[in-house]
Structures are given as C-alpha cells and as structure tokens.
Amino acid sequence: MARLEVPRPATFISLTGFMGVGKSRIGRELARALMLHFIDLDRYIERRTGLSIPDIFRHLGEEAFRRMEKEAVRELLAKDFLVLSLGGGTFVDPESRSLLLARGPVVALWASPETILERATRKPGERPLLQVENPLERIRALLEARTPIYREAHVHVSTDHRKVEEVVEEIVEKLWAYARAKRA
C-alpha cells in the first residue's frame with residue numbers, strides 16, 4: 001500500500017501557555033486540522049500513574065509531578081505526527097523547554113488573567129496551583145514570572161474571546177509561515 005503524503009507545516013507541534021488558555025481543546029482541533037495524533041500531557045501522566053493531577057500534587061507533591069512531567073516529555077519527543085498539549089508549567093523547566101524547542105515548533109497560547117481565572121475555575125478542585133485565597137493574584141504573579149519563558153516559543157496566538165476554529169486557523173497559518181522561514 002502506498003504511503004499517503006499529507007502536506008503539513010510540521011509533524012511534531014507542542015502547545016504551551018498558562019493553564020486555562022485552551023491548550024487541550026485547541027490542541028485536539030489543531031491535531032484534527034493537520035491530521036496528526038493528539039496527546040494531552042496531563043492526561044498522559046494520569047493514565048500512566050493511575051492518579052489524577054490534583055492527587056499527585058496532594059499526595060506526592062509538586063516536585064514529584066514535575067519529575068513525572070519531565071520524563072513523559074522525554075518519552076513523547078520520540079513520537080512523530082503529534083500535537084502535544086503541555087501542562088502550564090512544563091515549558092518552565094529549562095531542559096524540557098530546550099528539547100521541545102529543538103524538536104519542532106512550539107506554539108504559545110495567551111489569554112488575560114481574567115479569562116484564565118474564569119476558564120480555570122469551571123471545575124473546582126482541578127487546579128492545585130489555584131487553591132489559594134486570591135486565585136486572580138496568583139494567576140497574575142505566575143503569569144508574570146512565566147511570560148519571558150513562554151515568549152521563547154516559535155509562534156504566539158491569543159485565545160481571548162475567540163472561537164476555537166479561529167484560533168486553530170491562525171495557528172495553522174503561522175505554522176506554515178514558520179515552516180517557510182525555516183526552509184529559507
């Protein structure tokens with residue numbers, strides 16, 4: 001059987017950005033648009049450990065979770081034909097960030113702190129980092145600290161008050177521009 005060559009701007013794409021910017025939802029649709037597989041890193045870790053992310057944080061701690069995350073990234077870098085939705089803190093790790101940037105285009109998704117809070121608190125208890133007295137201030141502080149790191153991504157797209165289809169379309173256009181620039 002002949003192999004079907006599908007034109008794509010890349011065969012391995014990572015999505016980064018703060019929690020609640022839409023990485024999972026947009027990643028799933030981006031994968032569909034480019035005919036690639038989709039993996040949500042948090043769900044991948046949950047399947048491998050049999051524990052939810054909040055339970056990992058609660059019982060094993062953030063440090064243990066970050067080790068699992070780093071190991072999962074290394075493992076998934078070997079895959080091809082993949083859109084990988086990273087956890088909000090994954091790209092913060094210098095080793096993972098370096099490997100991901102070298103592997104293929106990294107797309108940073110952005111949203112305002114208010115939008116992030118609204119989206120991230122739809123399912124109470126699922127966001128361990130927001131289990132604080134003032135989650136909006138926590139979001140602002142973490143976002144401020146992570147913004148220079150997220151800026152290292154190859155492509156940047158805002159998801160604020162936009163339909164998923166619009167965001168995916170913009171990402172695909174920017175990925176093609178990135179691919180053309182890389183070949184030039």
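Being a predicted model, the structure only gives us computed values, none of them experimental.

Draft legend 1. Focus on the nonpolar core. Judged by nonpolar contacts, the single largest core of 53 residues is most densely connected at Ile13, Phe18, Leu30, Leu84, Leu100, Leu109 and Ile171. If you tally residues by element for this core, the top one is helix H8 (residues 164–183), at seven residues. Sequence-distant contacts of Ile13, defined by excluding residues within four places in its chain, comprise Leu30, Leu34, Leu36, Leu82, Val83, Leu84, Pro105, Val107 and Leu175.

Draft legend 2. Representation of helix H4 (residues 62–76) in the model. With 15 residues, H4 should cover 21 Å at 1.5 Å per step; its first-to-last C-alpha distance of 21 Å lies within 8% of that length. Within the span of H4, buried status applies to Ala64, Phe65, Glu69, Ala72, Val73 and Leu76. Residues of H4 that are buried make contact with strand S1 (12–16), strand S2 (37–40), helix H2 (41–49), helix H3 (53–60), strand S3 (82–85) and helix H5 (94–103).

Draft legend 3. Structural detail: the pattern of salt bridges. Evaluation of the coordinates by the stated rule reveals 18 salt bridges. Each of the salt bridges in this network shares a partner with another, and the network as a whole consists of Lys70, Arg74, Asp93 and Glu95.

Draft legend 4. Local environment of the packing of aromatic side chains. By the definition in use, this model includes two aromatic pairs. Between Trp110 and Tyr150, the aromatic rings sit 6.0 Å apart at their centres with planes inclined by 80 degrees, giving edge-to-face as the arrangement. Residue Trp110 is located in strand S4 (residues 106–110), and its partner Tyr150 is located in helix H7 (residues 135–150); the two are separated by 40 residues in the primary sequence. Each of the two residues, Trp110 as well as Tyr150, counts as buried. The ring of Trp110 carries Arg151 above its face, with NZ or CZ at 4.4 Å from the centroid.

Draft legend 5. H5, seen in detail. Listed in full, the buried residues belonging to H5 are Ser96, Arg97 and Leu100. Projected down its long axis, H5 carries its buried residues within an arc of 100 degrees, all on one side. Among the exposed residues of H5, those oriented more than 90 degrees off its buried face are Pro94 and Ala102.

Draft legend 6. Main features of the side chain of Asp40. Inspection of the secondary structure assignment puts Asp40 in strand S2. Of the residues examined, Asp40 reaches a relative accessible area of 8% and is grouped as buried. Polar contacts involving the side chain of Asp40 include one to the main-chain amide nitrogen of Asp42, which spans 3.0 Å. The residues touching Asp40, leaving out its near neighbours within four places in the chain, are Ser24 and Ser85.

Draft legend 7. Here's a closer look at the pairing of S3. Here S3 shows no split at all, with Leu82 and Leu84 on one side and Val83 and Ser85 on the other all buried. Examined bridge by bridge, S1 and S3 share four bridges and lie parallel to one another. Bridged to Phe12 within S3 is Leu82. Relative to S3, S2 runs parallel, the two sharing four bridges. Looking at S3, one finds that Phe38 is bridged to Val83.

Draft legend 8. Expanded view of the side chain of Ser85. Note on placement: Ser85 falls in strand S3. Setting aside residues no more than four positions away along its own chain, Ser85 makes contact with Leu15, Lys23, Ser24, Phe38, Ile39, Asp40 and Leu41.

Draft legend 9. Layout of the sheet that holds S2. Read from one edge of the open sheet, five strands run S2-S3-S1-S4-S5, paired in parallel fashion. Every other strand in the sheet has two partners, leaving S2 and strand S5 (155–158) as the edge strands with one partner each. For this sheet, the mean inter-axis angle between neighbouring strands, taken without regard to orientation, is 20 degrees. Strands S2 and S3 of the sheet are contacted by H2, whose axis makes an angle of about 70 degrees with S2.

Conventions we followed
- Residues numbered from 1 in each chain as written.
- Predicted model: local features only at pLDDT ≥ 70, side-chain atom pairs only at ≥ 80, totals over all residues.
- Heavy atoms only, no water.
- Core = buried A, V, L, I, M, F, W, Y, C linked by side-chain atoms within 4.5 Å.
- Buried < 20%, exposed > 50% of the residue type's maximum accessible area, 1.4 Å probe, protein only.
- Helix = DSSP H or I, 4+ residues; strand = E, 2+ residues; numbered from the N terminus.
- Contact = heavy atoms within 4.5 Å.
- Expected span 1.5 Å × (residues − 1).
- Salt bridge = Lys/Arg side-chain N within 4 Å of Asp/Glu carboxyl O.
- Phe/Tyr/Trp six-rings, centres within 6.5 Å; stacked < 30°, edge-to-face > 60°.
- Lys NZ or Arg CZ within 6 Å of the ring centre and 35° of its normal.
- Arc of directions from axis to C-beta.
- Polar contact = N/O pair within 3.5 Å; in protein donor to acceptor, adjacent residues only side chain to side chain.
- Pairing = 2+ DSSP bridges.
- Axes fitted to C-alpha atoms, helices over the stretch in contact; angles between N-to-C directions.

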